Amino acid sequence: MSISVIIPTFNEADTVAETIMAVRKHTEGKKPEIIVTDGGSTDQTIQRAKDADAKVIRCPQQGRAAQMNYGAKHAGEPILYFLHADSHPPPNFDTTIKKAMDHGFKAGCFRLSFDDNHPLLQFYEWFTHFDIDLFRFGDQSLFIEQEAFVQLQGFKEDHIVMEDQEMVRRIKRHYSFQVLEDSVTTSARRYRENGIVKLQLVFTLILSLYYMGASQQQLIAIYNCFID
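Residues numbered from 1 in each chain as written. Predicted model: local features only at pLDDT ≥ 70, side-chain atom pairs only at ≥ 80, totals over all residues. Heavy atoms only, no water.

A. Quick peek at the overall build of the protein chain. Broken down by element type, the protein chain carries ten helices and eight strands. Against the 2.2 N^0.38 benchmark of 17 Å for 228 residues, the protein chain shows a C-alpha radius of gyration of 17 Å, consistent with a compact globule. Dimensions along the principal axes, computed over C-alpha positions, put the protein chain at roughly 45 × 40 × 35 Å. Put simply, of all contacts in the protein chain between residues at least 6 apart along the chain, 76% involve residues at least 24 apart. Approximately 11000 Å² of the protein chain is accessible, and the part contributed by carbon and sulfur atoms is 52%. Computed over 24 positive and 30 negative side-chain charges, the inter-centroid distance for the protein chain is 3 Å. (Helix = DSSP H or I, 4+ residues; strand = E, 2+ residues; numbered from the N terminus. Rg over C-alpha atoms; globule rule 2.2 N^0.38 Å. Contact = heavy atoms within 4.5 Å. Areas by Shrake-Rupley, 256 points an atom, 1.4 Å probe, with all protein chains shown as cover. Lys, Arg positive; Asp, Glu negative; His and termini not counted. Charge placed at Lys NZ, Arg CZ, Asp CG, Glu CD.)

Here's what the structure looks like:
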């Protein structure tokens with residue numbers, strides 16, 4: 001089985017090429033298909049992704065859920081691996097995913113690490129070791145068999161935020177899910193820009209309100225109010 005790596009982007013010119021190169025560097029087996037699904041970037045994201053020899057698709061709808069679904073529709077491999085543009089997979093990620101599939105898991109993710117060793121960020125990382133839905137976010141890079149993804153009808157495109165939480169909960173109702181021992185490394189830039197404690201409090205508030213039934217518009221308004 002081979003893997004299609006799907007990277008949704010919007011103005012990620014500073015990170016996308018490095019991420020694409022990290023994917024290739026950390027692949028052990030067959031070269032993966034790398035699909036960048038862009039949501040209308042106004043910077044050099046598209047050109048830099050093309051220069052890095054990725055397949056670039058312009059998504060007609062902006063939003064991570066819509067872009068990931070659009071990328072999945074154009075994927076040619078039986079395993080889908082969704083990766084944020086500022087996150088790098090662990091070494092030999094493809095072999096690790098395939099081993100999980102060989103053991104009967106239809107989907108899963110990696111643990112999380114940051115490119116910053118701040119004690120609070122290390123504390124946040126620790127929580128991703130546990131198979132608890134509250135700690136499952138897109139930064140951990142979801143993988144899933146394409147057949148299962150199609151049967152689940154992909155991500156909910158009405159979710160502008162929390163689309164990863166909703167998707168993982170739905171996967172677990174139908175398929176086996178594994179949190180792998182290796183960690184994907186994601187950028188801590190937003191924590192550095194907004195303050196580590198402040199940003200985590202905002203994320204916790206949004207998560208809590210989501211489970212209390214708040215609308216997407218309310219969650220987005222809270223995010224935009226506090227986050228630069």
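B. Focus on the packing of helix H9 (residues 196–211) against helix H10 (residues 216–226). Contact geometry for H9 and H10: axes closest at 10 Å, N-to-C directions at 170°. Taken as axis vectors, H9 and H10 run roughly antiparallel relative to one another. Contact with H9, carried on its side by Lys198, Val202, Phe203, Leu205, Ile206, Leu209 and Tyr210, involves Gln216, Leu219, Ile222, Tyr223 and Phe226 of H10 and no other residues of that element. Among the residues forming the contact of H9 with H10, the class breakdown is ten nonpolar, one polar and one charged. (Axes fitted to C-alpha atoms, helices over the stretch in contact; angles between N-to-C directions. Parallel < 35°, antiparallel > 145°, perpendicular 65-115°, else oblique. Nonpolar A, V, L, I, M, F, W, Y, C, P; charged D, E, K, R; others polar.)

C. The arrangement of the nonpolar core in detail. Counting residues in each nonpolar core, the largest one holds 42 residues, and the members touching the most others are Val5, Ile7, Ile20, Val36, Tyr81 and Ile97. By residue number, the principal contributor to this core is H9, which donates six residues. Contact partners of Ile7, with chain neighbours within four places excluded, come to Thr19, Ile20, Ile34, Ile35, Val36, Thr37, Leu83, His84 and Ala85. Grouped together as the second largest cluster of nonpolar side chains are 23 residues, Ile57, Ala65, Leu80 and Tyr175 included. (Core = buried A, V, L, I, M, F, W, Y, C linked by side-chain atoms within 4.5 Å. Buried < 20%, exposed > 50% of the residue type's maximum accessible area, 1.4 Å probe, protein only.)

D. View of unusual backbone geometry. One non-glycine residue with positive phi stands out, namely Asp53, at about 70°. A positive phi angle, close to 60°, is found at Asn92, a residue other than glycine. Topologically, Asn92 is positioned in the loop between strand S5 (87–88) and helix H4 (93–102). Judged by relative accessible area, which is 34%, Asn92 ranks as partly exposed.

E. Broad picture of the side chain of Gln67. Note on placement: Gln67 falls in helix H3 (residues 64–73). What makes Gln67 buried here is its relative accessible area of 3%. Within the structure, the side chain of Gln67 is placed 3.0 Å from the backbone oxygen of Thr9, a separation counted as a polar contact. Excluding residues that lie within four positions of it along the chain, Gln67 makes contacts with Pro8, Thr9, Thr37, Asp38, Gly39, Cys59, Gln61 and Gln62. (Polar contact = N/O pair within 3.5 Å; in protein donor to acceptor, adjacent residues only side chain to side chain.)

F. Main features of the pairing of strand S2 (residues 33–38). In terms of residue burial, S2 counts as a mostly covered element, since six of its six residues are buried. Because side chains alternate across S2, one face comprises the buried residues Glu33, Ile35 and Thr37, and the other comprises Ile34, Val36 and Asp38, equally buried. Handedness of the strand S1 (residues 3–9)-helix H1 (residues 16–25)-S2 crossover: right-handed. As judged from the four bridges shared by S2 and strand S3 (residues 55–58), these two strands associate in the parallel manner. Note that in S3 the partner of Val36 across the bridge is Val56. On the question of chirality, the crossover connecting S2 to the parallel S3 by way of helix H2 (residues 45–51) is right-handed. (Right-handed = clockwise from strand over helix to strand, strands pointing away. Pairing = 2+ DSSP bridges.)

G. Local environment of the pairing of strand S4 (residues 79–82). Here S4 shows two buried faces, one formed by Ile79 and Tyr81 and the other by Leu80 and Phe82. Here four bridges tie S1 to S4, and the two strands are oriented parallel to one another. Of the residues in S4, the one forming a bridge with Ile6 is Phe82. Note that S4 and strand S7 (residues 143–145) share three bridges and pair antiparallel. Residue Leu80 lies in a different strand from S7, and its bridge partner there is Ile144.

H. Seen up close, the pattern of salt bridges. All told, the structure shown has eight salt bridges when counted by the stated rule. Among the salt bridges present, the one from Asp86 reaches Arg189, with a minimum N-O distance of 3.6 Å. Here Asp86, found in the loop between S4 and S5, pairs with Arg189, found in helix H8 (residues 189–194); they are 103 residues apart in sequence, far enough to count as distant. One connected set of salt bridges, linked through shared partners, spans Glu12, Asp86 and Arg189. (Salt bridge = Lys/Arg side-chain N within 4 Å of Asp/Glu carboxyl O.)

By themselves, these figures tell us nothing about what the structure is for.
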